[in-house]
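Structural characterization, general
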Amino acid sequence: MADTAKDKEVLGEEEEEEEESTTTTTTSTSKKTSQWRKTRSTKTSATTKTTTLTTPAKLYGKDLSEYDDVDVESLLAQLSPEEITILAKEVDPDDNFLPPDQRCSYECSKDATGPLNRKQLIEHINKQAIETPDEPEFEPYVQGKVRGKKWVPPPRDAREIEAEEQIAIDMGDEYEHALNDATQEEIIDLAAILGFHSMMNQDQYHASLLNKGQPVGMGWDGITKSTQQKLFPMDPPNATDVEESIKRVKDDDSKLVDLNFNNIKNISDEKLEQLFAALPQNEHLEVLSLTNVGLTDKTALLLAEAIEKSKTLRVLNVETNFISPPVIVKLVQALLKCHTIEEFRASNQRSAVLGNKIEMEITDLVEKNPSLLRLGLHLEFNDARHRVAAHLQRNIDRIRVKRLNQRK
């Protein structure tokens, strides 16, 4: 009996050990299983179905959890420069945090042979394209033979075809009779009133506005297109004799009221200096045009001095030259001492933008000028434009009232 009791105790201990080992094994297995087991839930309108995926998430045959304790710096330190270069090329091309030149895996290791010559590069590409033989075709080309499957448009819906058909509108016998008996001119006038401009060409539209007849071949059946532009002959070059004109300015010729040197390119600085030196003594010249004559700051400063002493000059035009913004300010400042100039134009110079400081200086000078009526300058800022326009309008109104009082 004693032996039997001992045997039962030994068997109980062995069973407890087996249960403990089984529990330990089950626990460890469940932990490992939980590392790679994923759960996916599918929801429907009536029930919710849960599906367990038993596919382990592995990288190079190992679980992802084994890479958590890996030291990346130590791994990179063991790589050779060639291996690091290969690793650096494996980048995401859609990564916006990398510059564009680092997203491309191509890297040219050749040294530059010299500066880039676009013409030689294009010639080399064309030569290489010509010398490269074409790839042979397995099936020779036959004209008119269709290769592959020909695309056939799908059949259209009958409702779409019906929608595109012209809709007949019953307007009544009176309106139909009026339209049937209407002439082309009357129908064109009706189209213009209704706003159907796209149904008429330009000649038809303008003829309907001016109540004119339609030209031959341009009736209601004419094609909607723009009218052909008229060709005008080019303006002849400026034939003004520069030396003779300067001599007449010096002699104070009474018949020389308007002097036009526009677009004369070969006027030297010496001749311009002679002209500006003769302006203060002239008492008959009223209009001086110096557009596109190569006027520079040096000669423009001499012109500013001549303007201050001028007695009869009313219009001065120095557009399309090479005058800097500070010198333009000098010219506008010279207008304050010359009370006869009513129009001054100096746009399209070397500097396209004058700047806020220059524009404010010009605005202040214009507001002090009581005789200036028109100013040809491109002002960028709204404040300067509005102030200049308002002051010029006040000058025009004042002079107009003064002339009316003189007539009375």
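These figures come from a predicted structure and were not determined experimentally.

What about the overall build of the chain?
Looking only at helices and strands, one finds 15 helices and 9 strands in the chain. In the chain, buried positions account for 22% of the 408 residues. Across the chain, the fraction of contacts at a sequence separation of at least 24, relative to all contacts at a separation of at least 6, is 63%. For the chain, the exposed area adds up to about 32000 Å²; of that, 53% sits on carbon and sulfur atoms.

Description of the pattern of salt bridges
Using the criterion set out here, one finds 13 salt bridges in the structure. Linking Lys 271 and Glu 243 is a salt bridge whose minimum nitrogen-to-oxygen distance equals 3.6 Å. Of this pair, Lys 271 sits in helix α11 (residues 269-278) while Glu 243 sits in helix α10 (residues 242-250), placing them 28 residues apart in sequence. Its relative accessible area of 24% is what places Lys 271 among the partly exposed residues.

Focus on the side chain of Glu 359
Inspection of the secondary structure assignment puts Glu 359 in helix α14 (residues 356-367). Although buried, Glu 359 forms no salt bridge, and the nearest oppositely charged side chain, Arg 385, lies 6.6 Å from it. In this structure Glu 359 touches Leu 354, His 378, Leu 379, Glu 380, Phe 381 and Ala 384, once residues within four positions along its chain are discounted.

Let's talk about the sheet that holds strand β9 (residues 374-376)
On the basis of which strands lie adjacent, the open sheet formed by 5 strands has the order β5-β6-β7-β8-β9 and parallel pairing. A strand with exactly one partner marks an edge of an open sheet, and here the two such strands are β5 (258-260) and β9. Adjacent strand axes in the sheet meet at a mean angle of 5 degrees when their direction is disregarded.

Structural notes on the nonpolar core
One finds Leu 303, Val 318 and Phe 344 to be the most contacted residues of the largest nonpolar core, which totals 50 residues. Secondary structure elements with two or more residues in this core: α10, α11, α12 (297-309), α13 (325-334), α14 and α15 (382-407). A total of 6 residues in this core trace back to one element, the largest contributor, which is α13. Once you skip the residues sitting within four places of it in the chain, Leu 303 turns out to touch Phe 276, Leu 279, Leu 290, Leu 295, Leu 316, Val 318 and Leu 331.

A closer look at the environment of Leu 79
With respect to the helices, strands and loops of the structure, Leu 79 is situated in the loop between α2 (72-77) and α3 (81-89). Leu 79 has contacts with Ile 84 and Leu 87, leaving out every residue within four places of it along the chain.

Observations concerning unusual backbone geometry
Most of the time, phi is negative for any residue but glycine, and the peptide bond is trans. Positive phi values are uncommon outside glycine, yet Asn 292 reaches one of about 55 degrees. When you line up the elements, Asn 292 lands in the loop between β6 (287-289) and α12. A residue is classified by how much of its surface remains accessible, and Asn 292, at 23% relative accessible area, is partly exposed. Unusually for a residue other than glycine, Thr 320 sits at a positive phi of about 55 degrees. Secondary-structure assignment places Thr 320 in the loop between β7 (315-317) and α13.

Reading the values: rules and limits
- Residues numbered from 1 in each chain as written.
- Predicted model: local features only at pLDDT ≥ 70, side-chain atom pairs only at ≥ 80, totals over all residues.
- Heavy atoms only, no water.
- Helix = DSSP H or I, 4+ residues; strand = E, 2+ residues; numbered from the N terminus.
- Buried < 20%, exposed > 50% of the residue type's maximum accessible area, 1.4 Å probe, protein only.
- Contact = heavy atoms within 4.5 Å.
- Areas by Shrake-Rupley, 256 points an atom, 1.4 Å probe, with all protein chains shown as cover.
- Salt bridge = Lys/Arg side-chain N within 4 Å of Asp/Glu carboxyl O.
- Lys, Arg positive; Asp, Glu negative; His and termini not counted.
- Pairing = 2+ DSSP bridges.
- Axes fitted to C-alpha atoms, helices over the stretch in contact; angles between N-to-C directions.
- Core = buried A, V, L, I, M, F, W, Y, C linked by side-chain atoms within 4.5 Å.

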